[in-house]
Every structure is written in C-alpha cells, then in structure tokens.
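Residues per chain are reported as follows:
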Amino acid sequence: MQTPVLRNGVVAVLASASLLLSACSSGDGPAAGEEAPSPRSSPASAPASASPSADLPPAEGSVAVVKTLTDGLASPWGVAALPGGDLLVGSRDEATITRIDAESGGKTLLGSVPGVAPAGEGGLLGLAVAPTFGADHLVYAYFTTESDNRIARLQYDEKKPPGQQLGAPDTILRGIPKGSIHNGGRIAFGPDRMLYAGTGETGDTGLAQDKASPAGKILRMTPDGEPVHGNPEGDSLVYSYGHRNVQGLAWDSGKRLWASEFGQNTWDELNLIEPGKNYGWPDVEGKEGASGFVDPVAQWKTSEASPSGIAYAEGSIWMAGLRGERLWRIPLSGKADEPLARPQAFLEGKYGRLRTVLAAGGDKLWLVTSNTDGRGTAKPGDDRILLLKVR
C-alpha cells in the first residue's frame with residue numbers, strides 16, 4: 001500500500017469540496033442538448049495549416065453509428081477493453097463493474113468495488129486493464145472514498161459466480177484530494193506500460209500549481225503505484241501540472257500523450273502533454289501565449305464541449321462532450337502546436353451527453369453516453385454503448 005511520493009515528501013491534504021462550486025459551470029457541465037450530417041467546425045479552433053498526405057488523416061472525416069451494443073446502463077463512467085475485446089464498464093454511482101460481450105452486448109456483473117463513496121462528481125471513475133492481464137487478471141480502478149480519491153487494483157476471476165468475481169481492492173495510491181467537483185478520474189496504461197492518471201483540483205485552484213499535491217495533475221507511476229524513473233522529479237508521481245480537471249487520456253501513433261481538460265467559464269482544452277510542463281491553470285485558461293505555460297492545441301467554448309474521454313483512431317483524436325452533447329474529431333498534423341484542420345462535431349444532440357470514447361481497433365470506436373448521472377435528461381434505453389465507424 002502506497003501514499004503519493006511527491007516533492008518534499010508532502011501528501012496533499014483534502015481539498016475543500018465547496019470552493020469555486022459557483023464557477024463549475026463547465027465541470028461535468030449541466031445538460032444543454034447513421035452518419036452524422038453536416039459536421040460543424042469550431043470557430044475557436046486552430047485553422048487548417050497542412051494538406052493531407054498518405055501519412056495524414058483527411059481534413060474532413062465522418063462518423064457512422066454501426067449499432068447499439070448495449071443499453072440500460074446506470075451512470076457509466078470508466079470503460080476498459082479486455083484482451084479478447086469484451087468491455088468492462090464501471091457505474092459511477094452504483095460502484096459496480098460489469099462485463100459487456102463485444103458481440104452480443106450481454107452483461108455479466110463482476111461485482112462491487114468496496115469503499116466507494118459516490119457524491120457529486122465522485123464515485124467509481126476510471127478503469128484500466130493491466131497490460132499483464134493474461135498472467136495476473138488485474139483490473140485497476142480510480143475511485144472516491146469518504147476521505148480521498150485513490151487507485152486500487154482488483155483481481156478478476158471469471159470462473160466465480162456473477163457478482164462475486166472481483167477480489168479485494170489492493171490500494172496502490174491513496175491521498176489524492178477529493179471534492180464534490182473536479183475529481184479527475186481517468187486512468188490508462190501507456191505505451192511504456194506505466195499507469196497514468198488524470199486528477200482534478202477539487203475546486204481548490206491553488207492545488208493545480210502546487211507540485212507537492214497530486215491534485216490538478218497528470219500522474220505517472222509503476223503498476224505498483226511508485227514514481228517512474230524518468231519522471232520530471234525522481235521522487236514524484238507528477239508528470240505534468242497546472243490542470244483544472246483532466247478526464248481524458250490517449251496516445252497517438254507516435255506515442256504522444258494527449259489530454260482533455262475542462263475549462264471554467266471560457267475555454268475547454270485539448271493538450272499535448274510533455275513531462276514537467278505547466279499547463280497554466282488557474283493563471284491561464286485557453287490560448288494566451290503566456291510565458292512559462294503550454295497553450296492547448298485546440299480549444300472550445302464550454303457550451304460546445306465540456307470534454308471527458310478521448311481516444312485515438314484513424315489519425316485523429318476523438319473527444320466526447322458532456323454539456324456539448326457531441327463527438328469532436330481533431331485530425332492531427334504531426335505538429336505540436338496545431339491540428340491538421342479545424343475540429344469537426346458529430347452526433348450533435350442525438351444521444352445526449354457523451355462520457356467516454358474508446359478505440360475498438362482500426363476505424364472503430366466505442367462511445368458511451370452519460371444521461372443517467374443526474375445532469376442529463378435520460379431517455380428510454382439510457383445509458384448506452386454505441387459502436388462507431390469513423391474516418
């Protein structure tokens with residue numbers, strides 16, 4: 001069992017959940033609002049600056065809904081793919097993990113994660129499957145407890161009866177500040193087989209610039225929760241800082257790390273993450289060109305995005321929007337400071353709030369809606385997982 005190993009050995013204290021609650025308009029975002037017709041471009045995003053080539057995606061893409069894999073999910077948040085292609089889906093508010101058959105959509109309840117204390121934007125959040133799953137059957141979960149946010153691993157034994165297939169949580173990291181807002185929560189294993197976690201500053205904005213706190217950061221750790229050799233500071237999990245609320249992590253074909261981030265009242269962001277860099281919050285929101293801070297590659301009005309999960313497929317980053325109720329495509333140019341063309345919006349208002357998007361191989365994506373989380377307007381069948389074909 002580990003606590004965060006951070007600069008000066010300080011473990012961040014619990015942040016006040018009530019701070020800046022009034023400024024959380026874009027956090028998870030209140031509710032606003034097949035081939036998608038007439039995709040729109042974001043007027044706030046970088047203009048096209050490169051011509052497509054054999055190595056680049058087309059400037060304009062497309063999205064077709066192949067099928068609804070499953071529906072009737074309650075507050076889905078974290079999603080991870082098993083080696084065979086089936087999905088694990090966590091319920092934020094019910095603290096359960098369910099296996100979804102990738103062909104039939106059939107559901108098998110693995111069990112509940114003990115210790116989860118759902119409230120506000122907290123609960124059972126991100127899921128990740130260990131890269132060594134074939135040998136150890138470990139599933140990782142980021143979740144909110146009564147005292148903190150933490151990351152634990154659980155052994156999954158599918159030979160046991162449904163509902164009893166999860167072992168006891170083995171906590172690898174505790175002491176991440178919690179709040180009713182801005183808990184971050186996305187976790188993912190990178191190409192280096194290390195575990196990355198996006199955290200939020202819980203409404204206490206100063207924590208984002210405090211490198212002794214794990215809040216408002218992207219963290220990089222070993223599968224045991226220890227700092228990784230090559231991190232910006234050898235005794236720290238902090239990989240990047242100055243973040244408001246990171247809920248999306250993905251790597252492109254060049255193994256570059258991308259992260260989506262909720263803005264406050266003006267700009268949501270897609271950032272290209274470099275180790276040790278400062279992404280500006282709370283001093284900077286969006287593109288300001290301020291010295292010492294990294295500007296986002298693309299930005300959106302909070303009404304158009306409020307982004308959560310992201311995925312990489314077909315040369316583009318795909319970003320799920322909550323308040324914006326749309327899926328954004330950001331074609332990558334290979335440059336660090338601008339996309340190939342203006343981002344495009346798809347599925348606008350068709351399925352409500354969109355929480356998680358996950359690469360499904362080739363030109364396919366899984367997309368998870370988020371209308372039963374208390375902020376959306378649930379329709380019959382919500383929430384659901386869609387299979388998309390994208391270009």
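Basis of the calculations
Residues numbered from 1 in each chain as written. Predicted model: local features only at pLDDT ≥ 70, side-chain atom pairs only at ≥ 80, totals over all residues. Heavy atoms only, no water. Helix = DSSP H or I, 4+ residues; strand = E, 2+ residues; numbered from the N terminus. Buried < 20%, exposed > 50% of the residue type's maximum accessible area, 1.4 Å probe, protein only. Areas by Shrake-Rupley, 256 points an atom, 1.4 Å probe, with all protein chains shown as cover. Core = buried A, V, L, I, M, F, W, Y, C linked by side-chain atoms within 4.5 Å. Contact = heavy atoms within 4.5 Å. Pairing = 2+ DSSP bridges. Axes fitted to C-alpha atoms, helices over the stretch in contact; angles between N-to-C directions.

Colleague: Where do I start with the overall build of the protein in this structure?
Modeller: Helix and strand counts for the protein stand at 1 helix and 25 strands. Classification of the 391 residues of the protein by burial places 59% in the buried group. Working note: accessible area of the protein is about 13900 Å², and carbon and sulfur atoms make up 49% of it.

Colleague: Help me understand the nonpolar core in this model?
Modeller: Generally speaking, nonpolar side chains in soluble globular proteins are found buried as a group. Tyr140, Ile151, Leu173, Ile187, Leu195, Leu219 and Met221 are the most contacted members of the largest nonpolar core, which totals 20 residues. Of all the secondary structure elements, the ones that give two or more residues to this core are β7 (124-129), β8 (138-144), β10 (170-176), β11 (187-189), β12 (195-198), β13 (217-221) and β14 (238-241). Leaving out residues up to four positions away in the same chain, Tyr140 has contacts with Gly126, Leu127, Ala128, Ala130, Ile151, Ala152, Arg153, Ile172, Ile187, Phe189, Leu195 and Pro223. Leu127, Val139, Leu154 and Tyr156 belong to the second largest nonpolar core, which has 19 residues in total.

Colleague: Explain unusual backbone geometry to me, please; I cannot follow it from the model alone.
Modeller: Glycine aside, a negative phi is what most residues show, and trans is what most peptide bonds show. Cis geometry marks the peptide bond from Trp281 to Pro282, where omega comes out at 5°. Locating Pro282 in the fold gives a position in the loop between β17 (267-273) and β18 (298-301). Looking along the chain, the bond that leaves Asp382 and enters Asp383 is cis, with omega of -10°. With respect to the helices and strands, Asp383 occurs in the loop between β24 (364-369) and β25 (385-390). One non-glycine residue, Arg193, adopts positive backbone phi at about 70°. If you trace the backbone, Arg193 turns up in the loop between β11 and β12. Relative accessible area serves as the criterion here: at 45%, Arg193 is assigned to the partly exposed category.

Colleague: I'm lost on the sheet that holds β12 in this one. Help?
Modeller: The strands that make up a sheet are held in pairs by hydrogen bonds between backbone atoms, and each pair lies either parallel or antiparallel. Pairing is antiparallel across the open sheet formed by 4 strands, whose spatial order is β11-β12-β13-β14. Among the strands making up the open sheet, the edge pair consists of β11 and β14. Within this sheet the neighbouring strands show an average axis-to-axis angle of 15°, counted without direction. As paired strands, β11 and β12 are joined by 3 bridges and run antiparallel to one another. Paired with Ala188 across the strands is Tyr196, a residue of β12.

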